[in-house]
Amino acid sequence: MPEMDGFEATAMIRQAESAAGGHVPIYALTAHAMKGDAERCAASAGMDGHLAKPIRPPDLYAIVDACSPPGGGTGN
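Because the structure is predicted, anything quoted here is derived from the model rather than measured.

Criteria and thresholds
Residues numbered from 1 in each chain as written. Predicted model: local features only at pLDDT ≥ 70, side-chain atom pairs only at ≥ 80, totals over all residues. Heavy atoms only, no water. Helix = DSSP H or I, 4+ residues; strand = E, 2+ residues; numbered from the N terminus. Contact = heavy atoms within 4.5 Å. Areas by Shrake-Rupley, 256 points an atom, 1.4 Å probe, with all protein chains shown as cover. Patch = residues over 30% accessible without salt bridge, like charges linked within 9 Å, V, L, I, M, F, W, Y side chains within 5 Å. Salt bridge = Lys/Arg side-chain N within 4 Å of Asp/Glu carboxyl O. Buried < 20%, exposed > 50% of the residue type's maximum accessible area, 1.4 Å probe, protein only.

> Before we move on, could you go through the overall build of the chain and cite the residues and values that matter?
Secondary structure summary: the chain contains 3 helices and 2 strands in total. Counting helices and strands in the order they occur from the N terminus, the chain gives α-β-α-β-α. Here the contacts in the chain between residues at least 6 apart in sequence split such that 33% fall between residues at least 24 apart. Total accessible area on the chain stands at roughly 5600 Å², and carbon and sulfur atoms take up 61% of it.

> Please provide a residue-by-residue account of unusual backbone geometry, values included.
Cis geometry is found at the peptide bond from Lys 53 to Pro 54, where omega equals -5 degrees. Mapped onto the fold, Pro 54 is located in the loop between strand E2 (49-52) and helix H3 (57-67).

> So what's going on with a nonpolar patch on the surface? Which residues, and what values?
There is a patch of nonpolar side chains on the surface, built from Leu 29, Ile 55, Leu 60, Tyr 61 and Val 64 and spanning about 460 Å² of accessible area. Of note, Val 64 is situated in helix H3. Val 64 sits in the partly exposed class, given a relative accessible area of 44%.

> Can you tell me about the pattern of salt bridges, naming the residues and giving the values?
For the structure on display, the rule yields 3 salt bridges. Between Arg 56 and Asp 59 there is a salt bridge, with its nearest N and O atoms 2.8 Å apart. In this structure Arg 56 comes out as exposed when scored by relative accessible area, which is 53%. Salt bridges sharing common partners tie together Arg 14, Glu 17 and Asp 48.

The values are spatial; any link to function lies outside them.
Below you can see the structure in the form of C-alpha cells.
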C-alpha cells in the first residue's frame, strides 16, 4: 500500500470505530510467518487475526466463516 501499511490502516479503522461504534473484522494476510507475527497483529495493531502465505484453504475458510453472519447472510 503506497500511502500506509496495514498496521496504520487498522489503527485508523479502530479509531473510527471507537468514535462511531461497530467492529470491522480485520485479518492480516502476510508473507511473514515468523513466530510472534500473529501476536503482533492482534495485540499491537488491533487486528482480529493473521493468515500467512502460502494460504491453506481450510485456514481461509475458517476466517470467512468466523466473519460471516449466522445463516450465511441469507436472513434465514
